[in-house]
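Analysis of the macromolecular model
Each chain, written out:
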Amino acid sequence: MPEAAGRYDIVGDVHGCLDELLSLLERLGYRWNGQDLTPPQGRTLVFVGDLVDRGPKVAEVVTLVRRGVETGVALSVRGNHDDRLARALAGEAVKPSRLLDTSLAQLERLPAADVAVIRDFLAALPARLELDGGRLLVVHAGERADLSGDARAEFNVNGATTGRVTEDGLKERFDWVTPYTGAALVVYGHTPVLRAEQVGQTLDLDTGCVFGGQLTTLRYPEMELVSVPSLGAYATNRHWQLLTQRVGAGA
Ligand code: MN
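Residues numbered from 1 in each chain as written. Predicted model: local features only at pLDDT ≥ 70, side-chain atom pairs only at ≥ 80, totals over all residues. Heavy atoms only, no water.

A closer look at the overall build of the chain
Scanning the chain from terminus to terminus reveals eight helices and 14 strands. In the chain, which comprises 251 residues, the share counted as buried stands at 48%. Put simply, 63% of the contacts in the chain that link residues at least 6 apart link residues at least 24 apart. Only carbon and sulfur atoms are counted for the fraction: they give 50% of the accessible area of the chain, which is about 11,700 Å². (Helix = DSSP H or I, 4+ residues; strand = E, 2+ residues; numbered from the N terminus. Buried < 20%, exposed > 50% of the residue type's maximum accessible area, 1.4 Å probe, protein only. Contact = heavy atoms within 4.5 Å. Areas by Shrake-Rupley, 256 points an atom, 1.4 Å probe, with all protein chains shown as cover.)

Spelled out as structure tokens, the structure:
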């Protein structure tokens, strides 16, 4: 079964980018017929979360991941967007609600029973996956060994902000990468970067597909990165604009 196989294809934040996901899966040798996901021999597909919001095909992405999980060929952790959408669909008032708009508009067209399946699947996703005998940790936002239990799970899913504002006017995110000294390689998403690069024992796979960047996979244990380009900039935010402007300016 997946844990024993120990060979993983770990995918960054998908955010409803089904077409890019399908093109990535084809490159990796997976087949998806709309119902069943067939992996290459001995491999397991792993998602770092943020399956939903911002992008064009949220329900379709969740269905692919859900079928993969149900048939034992895929795993996923829960991202902050997955968590917030599940809570909104359960009737909780969540903020900022505008980030849910793309998902909610798409799910409105589905029968209520299908939406309930999506809600329950997202709500049940784990905050963390410890794989390969503890040598590999997959989380959405980050890891803090100084926390435990619910507080650690909360950080794994949502990360944290420091309460300060950066010189660019963004809410400063808590830096867990610099102080991280754990033995496990932490593979995560959440913070868009232009290229996936290992920093110490951490690797951020969110290469901003939904913003017009790339969708990236880490093949583990080979430590090979495979990316496909985004087919469109489906959304934008200030963090991504600043990243791409700096590249344009040669900085
Ligand atoms: Mn994300």
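Side note on the pattern of salt bridges
In the structure shown here, the tally under the stated rule is 20 salt bridges. Note that Glu70 and Arg67 form a salt bridge whose closest N and O atoms lie 3.0 Å from each other. With Glu70 and Arg67 both in helix H3 (residues 58-70), this residue pair falls three residues apart, about one helical turn. Overall, Arg67 belongs to the buried group, its relative accessible area being 16%. Shared partners join several salt bridges into a network, and the residues in it are Arg7, Asp9, Arg43, Arg219, Glu222 and Glu224. (Salt bridge = Lys/Arg side-chain N within 4 Å of Asp/Glu carboxyl O.)

Things to note about the coordination of the manganese ion
At 2.1 to 2.4 Å from the manganese ion lie its protein donor atoms, namely Asp13 (OD), His15 (NE2) and Asp50 (OD). Mapped onto the sequence, the residues coordinating the manganese ion show the spacing D-x1-H-x34-D. Here Asp13, found in the loop between strand E1 (8-11) and helix H2 (18-28), pairs with Asp50, found in the loop between strand E4 (44-47) and H3; they are 37 residues apart in sequence, far enough to count as distant. For the pair Asp13 and Asp50, one class covers both residues: buried. (Donors = N, O, S within 2.8 Å, 3.2 Å for Na, K, Ca; no water.)

Focus on the side chain of Asn80
On the secondary structure map, Asn80 appears in helix H4 (residues 80-89). The class of Asn80 is buried, set by a relative accessible area of 12%. Separated by 3.0 Å, the side chains of Asn80 and His140 make a polar contact. Excluding residues that lie within four positions of it along the chain, Asn80 makes contacts with Asp50, His140, Val157, Asn158 and His190. (Polar contact = N/O pair within 3.5 Å; in protein donor to acceptor, adjacent residues only side chain to side chain.)

A word on the sheet that holds strand E5 (residues 74-76)
Spatially, the five strands line up as an open sheet ordered E5-E4-E1-E13-E14, and their pairing is mixed. Two strands in the sheet have a free side with no partner beyond their single neighbour: E5 and strand E14 (224-229). The sheet shows a mean angle of 20° between the axes of neighbouring strands, taken without regard to direction. Pairing of E1 with strand E13 (residues 214-220) involves four bridges; the strand directions are antiparallel. Its bridge partner being in E13, Tyr8 is matched across the sheet by Tyr220. (Pairing = 2+ DSSP bridges. Axes fitted to C-alpha atoms, helices over the stretch in contact; angles between N-to-C directions.)

Things to note about the nonpolar core
Membership of the largest hydrophobic core comes to 40 residues, with the highest contact counts inside it found for Leu21, Leu51 and Leu122. Of all the secondary structure elements, the ones that give two or more residues to this core are H2, E4, H3, H4, helix H6 (112-124) and E14. In terms of residues, this core owes the most to one element, H3, which gives six residues. In this structure Leu122 touches Leu51, Val52, Val62, Arg78, Asp82, Leu85 and Ala86, once residues within four positions along its chain are discounted. In this structure, Val48, Val138, Leu185 and Val187 belong to the second largest nonpolar core, which totals 16 residues. (Core = buried A, V, L, I, M, F, W, Y, C linked by side-chain atoms within 4.5 Å.)

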